[in-house]
Amino acid sequence: MTERFDLVIRNARVATASDVFDADIGVKGGRIAGLGLSLAAGDRELDARGRVVTPGGVDAHCHLDQPMAPPVRMADDFDSGTRAAACGGTTTVIPFAAQEKGQSLRAAVADYHRRADGKAHVDYAFHLIVSDPSPTVLEEELPTLIAEGYTSFKVYMTYDDLKLDDGQILDVLSVARQQGAMAMIHAENADAIEWLTRRLEAAGRTAPRFHAHARPMLVEREATHRAISLAELVDVPILIVHVSGKEAVEQIRWARSHGLRVYAETCPQYLFLTAEDLGLDDSYKGARCVCSPPPRDASNQRVIWDGLNDGLFTIFSSDHAPFRYEGDDGKKPAGQEVPFRHIPNGIPGIETRLALLYSEGVLGGRITLEKFVELVATNPAKAYGLHPRKGSIAIGADADLVVWDEGERVLRNQDLHHNVDYTPYEGRVLRAWPGITLVGGEVVWDGQFHPRAGQGRFLVCGKPTLGPAGART
Ligand code: DUC
Ligand code: ZN
Ligand code: ZN
């Protein structure tokens, strides 16, 4: 006899990365156990009434409770960050266990587990950040951690406390190749940024808007090309994170046309913000939108949209890096309006990522629903070894699902669930929002947040299962 489902979601318009079809979804023990028409009854029933149901989002690039130099502090920890994620339809997050220079990588991971334990409302895995590739890290810690399920790491080409030089990048890419890990690269030329910053400061140009002048497209283009070349030398796939515009996209298309496995990620700020959001005058308010790389302009936004549609981009993440605007631990360190060099880089976006792309991408006619699912859930799960458990609607997958509500709604920070005192997208009219979010078959958001702190599970990642990087060039 067929076992009774715990839950049946009736009349769903199921959207996956490959198909959109009508079905009921049966859930048993937190997993999808049935998919078909007229499924048998469940202990609980939820009528989707023909609404679109997608896999829960996988936010593969977000920063939660990452240690900062005092007085700066991230506004979201694993409690508030995963609360916001759930209310925005994201059911898996992959933030970063960041190694400080001189620190053991394993100590960074242990510290990060302590920060997450008992707090997460959704499931989570960790990327590593390698900032100090000592012989012990390269020969022992990194290979062992990869084998234990931390199968991806980020390297920085900028930021004094994190950046690696080219030789160090070659060293860590060699480990990625040996161990089959995914290397994520933040591509901006540190020396060029420093040189430009000093010149701007000497000219008294220290307002937030000059952050974008110090990090022009050229510094991203050069570093992107260099990262590609280093990966080619080692013969290893890489993923360039937070790609902001045309010249970096051109480098990635060039790499692909030469048969190199270069994957790319972009983020909402490169579709919905421009450098003008950092300020048209010297007002400090633009500090709210200071992030790196900085938002560009309308023509670069169009290039990013094209890349989302044509396969250039593999992943759409938030790069949620939450700092409060008021107070002394965020955008105004010690309560001061500081030169742009000292403004913490990052903007919030973990809760708004899916609704922005669904509204303007799917309902705006720029990408298909299948492409949306691929970019926000399926590919991130594949890139970091979590597929098919995450990022899919299939028998055996975790019942992490979003039932979408279509209809206009004005985005207001007061309605969001992060711990940040602003959203860069205040006042924007959205055309859709997650109506219901389920994690493991349990409703965590249905217009009300249903906390499940500590029930979010740590996920051991497998090796990447992405296919060849492929854009129609
Ligand atoms: N840039 C990063 O590289 N990380 C966090 C936020 C940001 O703006
Ligand atoms: Zn980065
Ligand atoms: Zn980041």
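Here we summarise the structure given alongside this text.

Here is what the cut-offs are and how they apply
- Residue numbers restart at each chain and count upward from 1, following the sequence in its written direction.
- Here the convention is simple: chains get letters from A, ligands get numbers from 1, in the order in which they are written.
- With pLDDT at 70 or above as the cut-off, local features in this predicted model cover only qualifying residues; side-chain atom pairs require 80 or more to be listed or tallied, and sums for whole chains, interfaces and linings still use all residues.
- Only hydrogens and water are set aside when side-chain values are computed; all heavy atoms of the structure are taken into account.
- Only DSSP runs of H or I with at least four residues qualify as helices, and only runs of E with at least two residues qualify as strands; both kinds are numbered from the N terminus onward.
- It is over C-alpha atoms that the radius of gyration is taken, and the globule rule equals 2.2 Å times the number of residues to the power 0.38.
- To be clear on the numbers: accessible area is Shrake-Rupley with a 1.4 Å probe, and residue cover counts the displayed protein chains and nothing else.
- Excluding water, the donors of a metal are its N, O and S neighbours within 2.8 Å, or within 3.2 Å for Na, K and Ca, and that exclusion means sites may look incomplete.
- Here's how the labels work: a residue is buried when its accessible area is under 20% of the maximum for its type, exposed when over 50%, partly exposed in between, all with a 1.4 Å probe on protein chains only.
- Geometry is summarised by axes, namely lines fitted to C-alpha atoms with helices restricted to the contacting stretch, and by angles between N-to-C directions that run from 0 to 180 degrees.
- Angles are sorted into four bins: roughly parallel if under 35 degrees, roughly antiparallel if over 145, roughly perpendicular if 65 to 115, and oblique for all others.
- Should the near helix be turned counterclockwise from the far one by less than a right angle, the crossing is left-handed, whereas a clockwise turn marks it as right-handed.
- Only heavy atoms enter the contact rule, under which two residues are in contact if any of them lie within 4.5 Å.
- By the convention adopted, Pro, Cys, Tyr, Trp, Phe, Met, Ile, Leu, Val and Ala count as nonpolar, Lys, Arg, Asp and Glu as charged, and the other residues, Gly among them, as polar.
- Multiplying 1.5 Å by the residue count of a helix minus one yields the expected span of that helix.
- Throughout, bend refers to the angle between the axes fitted to the seven residues that end at a position and the seven residues that start at it.
- Any Lys or Arg side-chain nitrogen found within 4 Å of a carboxyl oxygen on Asp or Glu counts as a salt bridge.
- When at least one non-hydrogen atom of a residue lies within 4 Å of a molecule or strand, that residue is treated as near it.
- N or O atoms within 3.5 Å of each other form a polar contact, as long as, within protein, one can give a hydrogen and the other can take it, and as long as residues adjacent in sequence are counted only when both atoms are side-chain atoms.
- Site shape is set this way: if four donors have all angles between 85 and 135 degrees, tetrahedral; if opposite donors are over 155 degrees apart and all others between 65 and 115, square planar for four donors and octahedral for six; otherwise irregular.
- Criterion used throughout: strands pair if DSSP finds at least two bridges between them.

Moving on, we come to the overall build of the chain. For the chain, the helix and strand inventory stands at twelve helices and 18 strands. On C-alpha atoms alone, the chain measures out to a radius of gyration of 21 Å, which is about the 23 Å that the 2.2 N^0.38 rule sets for 473 residues. For the chain, the spread of C-alpha atoms along the principal axes amounts to about 75 × 50 × 45 Å. With an accessible surface of roughly 17,400 Å², the chain has 47% of that area assigned to carbon and sulfur atoms.

Let us now look at the coordination of the zinc ion (ligand 3). Protein coordination at the zinc ion (ligand 3) comes from H61 (NE2), H63 (NE2) and D319 (OD), with a distance range of 2.0 to 2.1 Å. Along the chain, the residues donating to the zinc ion (ligand 3) fall in the pattern H-x1-H-x255-D. Separating the zinc ion (ligand 3) and the zinc ion (ligand 2) is a distance of 3.7 Å. Take H61 and H63: they sit in the same class, and that class is buried.

Contact geometry of helix α4 (residues 166–179) with helix α7 (residues 217–234) gives a least axis separation of 9 Å together with a crossing angle of 50 degrees. As summarised for this structure, α4 and α7 are arranged oblique, according to the angle between their axes. The chirality of how α4 crosses α7 is right-handed. Residues D166, I169, L170, L173, S174 and R177 of α4 pack against R226, L230, A231, L233 and V234 of α7. Residues of the contact of α4 with α7, tallied by class, amount to seven nonpolar, one polar and three charged.

Along its 14 residues, helix α3 (residues 135–148) runs 19 Å from first to last C-alpha, staying within 8% of the 20 Å computed at 1.5 Å per residue. Its axis deflected by about 35 degrees at E141, α3 carries its strongest bend there, up to four residues before the proline P143. Along α3, the residues that are buried comprise V137, L138, E141, L142, P143, L145 and I146. Tucked inside the fold, the buried residues of α3 contact α2 (105–116), β10 (127–129), β11 (152–156) and α4. Downstream of α3 by a residue or two, G149 has a phi angle that is positive, lying close to 115 degrees.

On to unusual backbone geometry. P70 connects to P71 through a cis peptide bond whose omega is 10 degrees. Mapping P71 onto the fold places it in the loop between β6 (57–59) and α1 (78–87). In this structure, the amide linkage connecting H387 to the following residue, P388, adopts the cis form with an omega of 10 degrees. For H242, which is not glycine, the phi dihedral falls at a positive 30 degrees. Within the secondary structure layout, H242 lies in the loop between β13 (238–240) and α8 (246–257).

So, on to the pattern of salt bridges. Counted under the stated rule, the structure contains 37 salt bridges. The residue E148 makes a salt bridge to R106 at a minimum N-O spacing of 2.8 Å. Remark: R106 occurs in helix α2 and E148 occurs in helix α3; sequence separation between them is 42 residues. Residue classification places E148 among the partly exposed positions, given a relative accessible area of 36%. Of the charged contacts, one joins R209 and D282 as a salt bridge, the two residues approaching to 3.0 Å between their closest N and O atoms. Of this pair, R209 sits in the loop between α5 (190–202) and α6 (210–214) while D282 sits in the loop between α9 (269–272) and α10 (298–310); the two residues are 73 residues apart in sequence, bridging distant segments of the chain. R209 sits in the partly exposed class, given a relative accessible area of 24%. Taken together, the shared-partner salt bridges in this structure form one network comprising R31, D123, R389, K390, D398, D400 and R457.

Our next topic: the site of ligand 1. Residues in contact with ligand 1, as listed here, are H63, K154, Y156, Y159, H186, H242, C291, S292, D319, A321, N345 and G346. In this structure, an oxygen atom belonging to ligand 1 sits 2.8 Å away from a main-chain N or O atom of S292. Note that an oxygen atom of ligand 1 is positioned 3.5 Å from one of the backbone N or O atoms of G346. Among the residues making up the shell around ligand 1, the classes are represented as four nonpolar, six polar and two charged.

In this section: the coordination of the zinc ion (ligand 2). Octahedral metal centres with six donors ideally show angles of 90 or 180 degrees, and tetrahedral centres with four donors ideally show 109.5 degrees. The protein atoms that coordinate the zinc ion (ligand 2) are K154 (NZ), H186 (ND1) and H242 (NE2), at distances spanning 2.1 to 2.2 Å. Coordination at the zinc ion (ligand 2) comes from four donor atoms whose angles at the metal span 82 to 129 degrees, giving a geometry best classed as irregular. Counting gaps between the donor residues of the zinc ion (ligand 2) yields the pattern K-x31-H-x55-H.

This next bit is on α1. In terms of residue burial, α1 counts as a mostly covered element, since eight of its ten residues are buried. For α1, the set of buried residues is F78, S80, G81, T82, A84, A85, A86 and C87. Taken together, the buried residues of α1 touch β7 (90–93), α2, β9 (123–124), β17 (429–439) and β18 (442–445). In the stretch just after α1, G89 is the one whose phi turns positive, near 90 degrees.

Quick look at the pairing of strand β3 (residues 31–36) now. Inspection of the sheet shows strand β2 (residues 20–28) paired to β3 by five bridges, in the antiparallel sense. Directly across from G26, in β3, lies its bridge partner G34. Adjacent in sequence and paired antiparallel, β2 and β3 are bridged by two residues, among which G29 carries a positive phi angle near 60 degrees.

This brings us to the pairing of β17. Across the eleven residues that make up β17, a large majority, nine, are buried. Alignment of strand β16 (residues 401–410) against β17, held across eight bridges, turns out to be antiparallel. Within β17, the position partnered with V410 by the bridge is V429. Hairpin connection from β17 to β18: two residues lie between these consecutive antiparallel strands, with G440 at a positive phi of about 55 degrees.

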